[in-house]
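# Structural features, examined
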Amino acid sequence: METPVGMHDLSVNECWMLLRSAQVGRLAVVVEGGPEIFPVNFVVDHGTVVFRTAEGTKLASATSDEPVAFEADAFDPAAGEAWSVVIKGRAKEIRGNFSELFDALSLPLFPWHAGPKQHFVRVSADQVSGRRFRVVDPEFWGIPAIHKSSPD
């Protein structure tokens, strides 16, 4: 059995590059004192993450005074590698500044859900971290068979 290869930390630039290759991430927010996670389609724009959403819990929680976390990851079966990137920071709704809102409308941001998503939210990063690692064969985690010795 092959020895598992360790993971390595990604540079901030590598993290942003990988985020640009992903379409879906998870937004972690605080809702009524507890954690909540929402999947979102997103794009990277000028060192931030932008997503669209409707009125509701996600918008209200993301744009509160509480910090947010955003995570995206992927697995490349051909290379046998996976990566995960986490951003910690603050989210603000894009509104009031018509130039910024107009720019947001031109982003290649296409939510999978067809419901109205008239609000654009920008997550600005205070911290960016990521890791890349080799994915081990599932047999690595298998429980070895217990061999009973037969009585002679």
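Thresholds applied
Residues numbered from 1 in each chain as written. Predicted model: local features only at pLDDT ≥ 70, side-chain atom pairs only at ≥ 80, totals over all residues. Heavy atoms only, no water. Buried < 20%, exposed > 50% of the residue type's maximum accessible area, 1.4 Å probe, protein only. Helix = DSSP H or I, 4+ residues; strand = E, 2+ residues; numbered from the N terminus. Pairing = 2+ DSSP bridges. Arc of directions from axis to C-beta. Contact = heavy atoms within 4.5 Å. Core = buried A, V, L, I, M, F, W, Y, C linked by side-chain atoms within 4.5 Å.

### Some thoughts on the pairing of strand β2 (residues 24-31)
In the case of a regular strand, side chains alternate between the two sheet surfaces. Residues Gly25, Leu27, Val29 and Val31 point to one face of β2 and are all buried, whereas Val24, Arg26, Ala28 and Val30, pointing to the other face, are not buried. Bridge count between β2 and strand β3 (residues 34-41): eight bridges; the pairing is antiparallel. Residue pairing for β3: leucine 27 is matched across the bridge by phenylalanine 38. Here β2 folds back onto β3 in antiparallel fashion, the turn holding two residues, of which glutamate 32 has a positive phi close to 50 degrees. Examined bridge by bridge, β2 and strand β6 (residues 68-76) share three bridges and lie antiparallel to one another. Counterpart to arginine 26 in the pairing with β6 is glutamate 71.

### Structural notes on helix α1 (residues 12-20)
Restricting attention to buried positions, one finds in α1 the residues Cys15, Trp16, Leu18 and Leu19. What you see down the axis of α1 is that its buried residues fit within an arc of 165 degrees, all on one side. More than 90 degrees from the buried face of α1, the exposed residues found are Asn13 and Arg20. Here the buried face of α1 lies against β4 (43-45), β5 (48-53), β6, β7 (81-93) and β8 (119-134).

### Considering the environment of proline 108
With respect to the helices and strands, the residue proline 108 is situated in the loop between α3 (98-105) and β8. Among the residues examined, proline 108 registers a relative accessible area of 53% and is labelled exposed. Separated by 64 residues in the primary sequence, proline 108 and valine 44 place their C-alpha atoms 9.8 Å from one another.

### What to know about the nonpolar core
By size, the foremost hydrophobic cluster in this structure holds 26 residues, and its most contacted members are Leu19, Leu27, Phe42, Phe70 and Val123. Only α1, β2, β3, β5, α2 (57-62), β6, β7 and β8 provide two or more residues apiece to this core. When residues no more than four places from it in sequence are discounted, the contact partners of leucine 27 are Glu36, Ile37, Phe38, Phe51, Lys58, Ala62, Val68, Ala69, Phe70 and Val123. Within the second largest apolar cluster, seven residues are counted, among which are Val43, Ile94, Leu109 and Phe120.

### Remarks on the environment of phenylalanine 75
Along the chain, the position of phenylalanine 75 falls in strand β6. With relative accessibility at 49%, the residue phenylalanine 75 sits in the partly exposed group. For phenylalanine 75 and phenylalanine 133, which are 58 residues apart along the polypeptide, the C-alpha to C-alpha distance reads 9.7 Å. Once residues lying within four places of it in the same chain are set aside, the contact partners of phenylalanine 75 are Gly80, Glu81, Ala82 and Val135.

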